[in-house]
Amino acid sequence: MINQLLNQLDIYTHANQSEIAAVMGGNTRLKGEGEKLQVYSPIDGSPVATINMASKAQVDQAIQRASEAFIKIRTIPAPKRGDFVRVLGNLFRERKLQLAELITLECGKILQESLGEVQEVIDICDFAVGLSRQLHGLTIVSERPNHRMMEQWHPLGPVVVISAFNFPMAVWAWNTMLAIVCGDTVIWKPSEKTPLCALACQRLIDESLNHFPEFPCALSQVVVGDYSVGEQLSRDSRIPLVSATGSVPMGIKVAKAVSARLGRSLLELGGNNAMIVSASAEIELALRAIVFSAVGTCGQRCTTLRRLIVHERIADDLAARLKVTYEGLPIGDPNNPATLVGPLIDRQAFNLMQSAITEAKQAGGRLICGGERVIFADKENGFYVRPAIIEIDSLADVAKQETFAPILYLIRYHVFSDAIAIHNAVPQGLSSAIFTTDLREAELFLSVTGSDCGLANVNIGTSGAEIGGAFGGEKETGGGRESGSDAWKNYMRRTTNTINFGNDIPLAQGITFG
Ligand code: NAD
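Below is a short write-up of the structure.

The rules behind the values
Residues numbered from 1 in each chain as written. Predicted model: local features only at pLDDT ≥ 70, side-chain atom pairs only at ≥ 80, totals over all residues. Heavy atoms only, no water. Helix = DSSP H or I, 4+ residues; strand = E, 2+ residues; numbered from the N terminus. Expected span 1.5 Å × (residues − 1). Buried < 20%, exposed > 50% of the residue type's maximum accessible area, 1.4 Å probe, protein only. Arc of directions from axis to C-beta. Contact = heavy atoms within 4.5 Å. Core = buried A, V, L, I, M, F, W, Y, C linked by side-chain atoms within 4.5 Å. Domains from an automatic or database assignment. Near = heavy atom within 4 Å. Polar contact = N/O pair within 3.5 Å; in protein donor to acceptor, adjacent residues only side chain to side chain. Areas by Shrake-Rupley, 256 points an atom, 1.4 Å probe, with all protein chains shown as cover. Nonpolar A, V, L, I, M, F, W, Y, C, P; charged D, E, K, R; others polar. Salt bridge = Lys/Arg side-chain N within 4 Å of Asp/Glu carboxyl O.

## A closer look at helix H9 (residues 248–259)
Right, so step 1: If you check H9, its first and last C-alpha atoms are 16 Å apart, about what twelve residues at 1.5 Å a residue would give, namely 16 Å.
Right, so step 2: Turning to H9, its buried residues are Val 248, Met 250, Gly 251, Val 254 and Val 258. Relative to the axis of H9, the buried residues are bounded by an arc of 150 degrees and lie together on one face. Set apart from the buried face of H9 by more than 90 degrees, the exposed residues are Pro 249, Lys 253 and Lys 256.
Right, so step 3: Of the surrounding elements, those touching the buried residues of H9 are strand S7 (158–162), helix H8 (227–235), strand S10 (241–245) and strand S11 (264–268).

Next up, the structure:
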């Protein structure tokens, strides 16, 4: 089944049809000259593919190609670049199921969520097509007679996208579709845990390029490698923008490397997302939102619900209902349509989950349910777990960290102002939610004194954002915004122009000179 899928994907080098490429883009499909990378499926821990990673020299050449391609793509009109993205989006539509199956194989998401991820790629393509006719600037009145001011947005240059394992296609698409219509070229360094998803996406880019002979071949490229490839790309001053999605420690390193050369970084890092459930909440609605947000993708979404801040009057009832729901959760093979919780990505993720549970107990936490490994005879090397709920004090250190696994910390509150204070008292600031039917609580939560996150929702969960809004978070989450709204401005450079159509040279601020 795996071999059949890999053959259908056609991600081999030009030189050898059994060697998976590590550098791919347009007419380039090269074997890596770096170390070997073994790719495993989290479903059963079995090896899926072996790839030689890109070497330093190969990464350098990819940057060179991207720089040369930029000179060409920047002059092709944006609506034409939008046409390209339309063709690409249609290929994603046609291959949706096959691509979703690959996500499930390589990253372990249940098939429904993988289909949702490919749909997200399709949606951002549609968004980018429309955007390609809307890259607009302002006109501004001038203080000087017979003068006019305006802003223009120009293409920026080659953009690097570094992505995490848990959204192996969507994060790339959020960045790349916008970057392409903005007139940039792209180099993608995918997670070393999910390189096949990246190569499959690149194949579709290459296929779309066949319809656009005037486009440069190196419009978008993939380089397969580990953190060291990410470091090399971050340091290179030919790259004006590095968009990096992943953990906070990774983001700090990327930010340092990029800022040392005064480049721009766009950071989408870890979250520690919370939901306040007030005494007036509709509990049945809240329950459904909590479960999807907390256990979807086996707790491995950046927007996963990690802290549930519940009014003390309803806390026991909500905990009891959650326990019943959690104990009935279907855990298992992510390809089985009945499964709701698939595997963790690997053993390391499982070990981190166990350490967090131990630390929580040592900090006085009470395990309400779950936390244990679930072993299937035919998947002994897959790391399946029963999602955990732990009641804990909001001050416990472990509840302030992001453990990338399905652990939900339940925290009680007495008065609403305490709930907001607890909510904001963590270093991360990505996604947040409140369940309430009290208008004042809802508005306060959204107000300047409420949630300090980039995403704040009322009566829906913390995960499952739509592409139309800007996505990202504050504090340690990195401050970046991607996807919808005006996130496209990240991928362009702004020029402010002043035009004199008079016969004099008046100076601004009333200065007389000479
Ligand atoms: P990770 O930080 O281990 O790796 C992410 C990517 O960074 C990989 O491609 C990796 O090779 C690369 N990398 C690692 N060190 C680097 C360095 N020094 N320089 C350049 N690149 C480097 O993250 P992960 O385990 O793949 O993903 C999980 C994390 O990602 C979680 O913290 C999650 O919250 C976060 N995440 C955030 C968002 C968001 O939009 N905010 C989305 C998805 C995931």
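Back to the text.
## Re the nonpolar core
Right, so step 1: Membership of the largest hydrophobic core comes to 78 residues, with the highest contact counts inside it found for Phe 84 and Phe 92.
Right, so step 2: Tallying contributions element by element places helix H7 (residues 195–209) first for this core, with nine residues.
Right, so step 3: Split by domain, this core shows at least three residues from each of two domains, domain 1 (56–269 + 478–495) and domain 2 (273–467).
Right, so step 4: Dropping the residues within four chain positions of it, Phe 84 is found in contact with Ile 180, Ile 205, Ser 208, Leu 209, Phe 212, Phe 215 and Leu 219.
Right, so step 5: One finds Ala 289, Ile 290, Cys 369 and Ile 411 within the second-largest nonpolar core, a separate group that totals 65 residues.

## Looking at the site of the ligand
Right, so step 1: In the vicinity of the ligand lie 28 residues, with Lys 189, Glu 192, Ser 247, Leu 269 and Glu 402 positioned nearest.
Right, so step 2: Phe 165 has a polar backbone atom sitting 3.1 Å from an oxygen atom of the ligand.
Right, so step 3: Note that a nitrogen atom of the ligand is positioned 2.8 Å from one of the backbone N or O atoms of Leu 269.
Right, so step 4: Its free accessible area being 850 Å², the ligand has 90% of it covered by the protein chains.
Right, so step 5: Within the residue set of the shell around the ligand, elements represented by two or more residues are H8 and H9.
Right, so step 6: Partitioned by chemical class, the residues of the shell around the ligand number twelve nonpolar, nine polar and seven charged.
Right, so step 7: Residues lining the shell around the ligand come from more than one domain, with at least three contributed by each of domain 1 (56–269 + 478–495) and domain 2 (273–467).

## Section: the pattern of salt bridges
Right, so step 1: Per the stated rule, a full pass over the model turns up 27 salt bridges.
Right, so step 2: Linking Arg 321 and Asp 317 is a salt bridge whose minimum nitrogen-to-oxygen distance equals 3.5 Å. Placement of the pair is Arg 321 and Asp 317 together in helix H11 (residues 312–327), with a separation of four residues, close to one helical turn.
Right, so step 3: Residue class for Arg 321 comes out partly exposed when judged on its relative accessible area of 30%.
Right, so step 4: Residue classification places Asp 317 among the partly exposed positions, given a relative accessible area of 38%.
Right, so step 5: Shared partners join several salt bridges into a network, and the residues in it are Asp 316, Arg 366, Glu 391 and Arg 412.

## Remarks on H11
Right, so step 1: Over its 16 residues, H11 runs 23 Å from end to end, which matches the ideal 22 Å to within 8%, given 1.5 Å per residue.
Right, so step 2: When H11 is considered as a whole, its buried residues turn out to be Ile 314, Ala 315, Leu 318, Ala 319, Leu 322 and Tyr 326.
Right, so step 3: On its buried face, H11 sits against strand S12 (273–277), helix H10 (283–295), strand S13 (305–311), strand S14 (366–369), strand S17 (388–391) and strand S18 (407–413).

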